[in-house]
Every structure is written in C-alpha cells, then in structure tokens.
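For reference, the chains in residue letters:
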Amino acid sequence: MEYSRYGLAVEIVREAGKIIPPHNTSQIEFEEKNGHSDIVSKYDKQIETYLSGEILTAFPSDGIIGEEMKHPDSGDWIWYVDPIDGTTNFVNQRKNYAISLGCYHNGKPAFGVVYDVAENRMYHAQVGRGAFCNNDRLECGKRTALEEMLLYTPIIQATLIDAHPLRSGMRRLARDVRAVRSLGSVALELCALAAGEADLFIAGCSCPWDHNAARIILEESGGEIRTWENDALPLDAKTNVIAARQKSVLDKVVAEYWTD
Ligand code: IPD
Ligand code: CA
Ligand code: CA
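Residues numbered from 1 in each chain as written. Chains lettered and ligands numbered in written order. Predicted model: local features only at pLDDT ≥ 70, side-chain atom pairs only at ≥ 80, totals over all residues. Heavy atoms only, no water.

(A) Broad picture of the coordination of the calcium ion (ligand 3). Bound to the calcium ion (ligand 3) are the protein donor atoms Glu67 (OE), Asp82 (OD) and Ile84 (O), situated 2.1 to 2.3 Å from the metal. Here the donor residues of the calcium ion (ligand 3) share one chain and are spaced in sequence as E-x14-D-x1-I. Owing to a relative accessible area of 1%, isoleucine 84 belongs among the buried residues under this scheme. (Donors = N, O, S within 2.8 Å, 3.2 Å for Na, K, Ca; no water. Buried < 20%, exposed > 50% of the residue type's maximum accessible area, 1.4 Å probe, protein only.)

(B) Unusual backbone geometry, seen in detail. Although it is not a glycine, arginine 94 adopts a positive phi angle of roughly 65 degrees. The residue arginine 94 is located in the loop between α3 (87–92) and β5 (98–105) in this model. By relative accessible area, which is 9% here, arginine 94 ends up buried. Phi at asparagine 230 is positive, roughly 75 degrees, even though this residue is not glycine. With respect to the helices, strands and loops of the structure, asparagine 230 is situated in the loop between β13 (224–226) and β14 (239–244). (Helix = DSSP H or I, 4+ residues; strand = E, 2+ residues; numbered from the N terminus.)

(C) Here's a closer look at the nonpolar core. Judged by nonpolar contacts, the single largest core of 33 residues is most densely connected at Val114, Tyr123, Leu190, Phe201, Ile217 and Leu218. Where this core is concerned, the elements lending two or more residues are β4 (77–85), β5, β7 (121–126), β8 (131–133), α6 (186–194), β12 (200–206), α8 (214–220) and β14. With 8 residues, the top contributor of residues to this core is α6. Ignoring anything within four residues of it in the chain, the contact list for leucine 190 reads Phe201, His211, Ala214, Arg215, Leu218, Ile225 and Ala243. Membership of the second largest hydrophobic core comes to 32 residues, among which are Val10, Leu51, Ile55 and Ile84. (Core = buried A, V, L, I, M, F, W, Y, C linked by side-chain atoms within 4.5 Å. Contact = heavy atoms within 4.5 Å.)

(D) Looking closely at the pattern of salt bridges. The final tally for this structure, using the stated rule, is 13 salt bridges. The closest approach of N and O atoms between arginine 121 and glutamate 197, which form a salt bridge, is 3.2 Å. Of the two residues, arginine 121 sits in strand β7 while glutamate 197 sits in the loop between α6 and β12, which places them 76 residues apart along the sequence. In this structure glutamate 197 comes out as partly exposed when scored by relative accessible area, which is 43%. Residue aspartate 251 is joined to lysine 247 by a salt bridge in which the shortest nitrogen-to-oxygen separation is 2.9 Å. Taken together, the residues aspartate 251 and lysine 247, both in helix α9 (residues 247–257) and 4 residues apart, mark about one turn of the helix. Owing to a relative accessible area of 30%, aspartate 251 belongs among the partly exposed residues under this scheme. Each of Lys33, Asp38, Glu67 and Glu68 takes part in a single network of salt bridges with overlapping partners. (Salt bridge = Lys/Arg side-chain N within 4 Å of Asp/Glu carboxyl O.)

See the structure below:
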C-alpha cells in the first residue's frame, strides 16, 4: 500500500514538472497574496490542481493540505503539497524552486518527494529506506567543525536581522560558520543538507507544506530537525526550524548558541 503511494508520488511530481513552461518563456505573471513578498503564479495553481486530482483519483479517502487551495483534508493518509516552493525564485530566476510532496500515515512520516525542476534532481525518501537524489543515495557527512560549515537561512530578516530572543546567539553562530547563504526555498535548503551541500539550517517561520516532505529526506539521510525550542516539529502548524546534518551538531549549536 505504502509503496504504491510512493511510486505514484514520484511519478506525478515528475509529470507536474512538465507543467512548468520552457526557460525562454517571457515573463511569468504573478499576483501578490499577502503583500509584495508572498506571490503566486498560475503555474502554482495548475500544479496543485494536477497533483491533488491524481492523488484523490488513486486514493479517494486520503486528505490533502496544500498551499494554494482547499481540499478534503482528513483521513489516515495526509499529503502535504507545495506546488512551487520558491515562487519568487521561479518568477525571477527560473531556478532554485521545487515541487514538494510529503505524505504522513496517522500523523507519522511516510515519504517525501522534492523535485528541483531546473536541475532535474528528484530527491525522495521513504521512512526506513534511505534518502536519494535521482538514483544516488544521500548520506549526511561527518563534518563537525563549525568553522567549516555552511549555514542556510531562507529569510535572513527573520533570523539575523529582526529582534527576537535568540538573535544574538544566531549572529554569533553566523560569524563562527564559514559562510551564510539564503537560497529562498525551504524544501531545497533542507535537501541541500541531506546532499551534503550545506550543514546547518535555521528558519524563523516555515509552513507544513514547506518542510513536511524535505524533512523526511533530511532525516532519512541521517540529519536532525527540530523547532528553536528544541521540540519535535509540529505536523500541522507554522513553526520556526533548526536542522543539521548530525544530531550531535544540532545539540552543540543549541547548547552553545541558543543564549545571549
Ligand atoms: C517560501 C520559501 C521561502 C521561505 C518562505 C516560504 P513559497 O515558499 O520556502 O524560502 O522563506 O517562508 O513561504 O511561498 O515560495 O512556496
Ligand atoms: Ca513554500
Ligand atoms: Ca509555494
């Protein structure tokens, strides 16, 4: 049962990538949802419509929680759909965005699929079966020295600029790592940790559809993810997030930097 949902997920996410227009298409039109920094294009809506239609046709009793529209959202199996994570990148750069589909069974992680369309990289993981990028197995590396690490943070404003109780600790951390980067896609930044391209991740606010697929990929690669309060991530609520490629690194960051 689980395998067929996973197989369907990989297949429909790849198909959904074909909805994205060719790179040379002129300007992608978009509209603002909640102000100038939260936008949506017709492709976000088309992809969510396609994915939800395929899921509910195959599994009519499942629930779906999507970013752009309402769906039946109860059932033993719940799917989290972010049709384009990184819409601003999609509109401005035509790269650094992903289609994200995560699935949970009775509240527990089942599998996650994150498709970097521009790079044709399909990240995928089933709980207990490892994480992959296309056919290559992903394993979190052994880097433990902070001065060698790359820190991703999707909204720098919320972690390092705006006032909050952990800001000075985060600023110390930002000075102690080798570099700080912001890609602007929660899903791809978490997959970058799984792939060993970055080491740490902090986000001030992430929605279930942003991280619920990629967190499974990260955890299956050996990584660790929590809230800033050191709790397990809530399944269905907006949350702050800290993640690392190794539990010991995350423990060290919380112990040494989560203070003023
Ligand atoms: C956004 C991206 C971005 C993050 C925002 C998200 P969207 O998703 O993941 O990196 O900082 O919080 O809303 O709107 O492009 O799907
Ligand atoms: Ca998103
Ligand atoms: Ca989105």
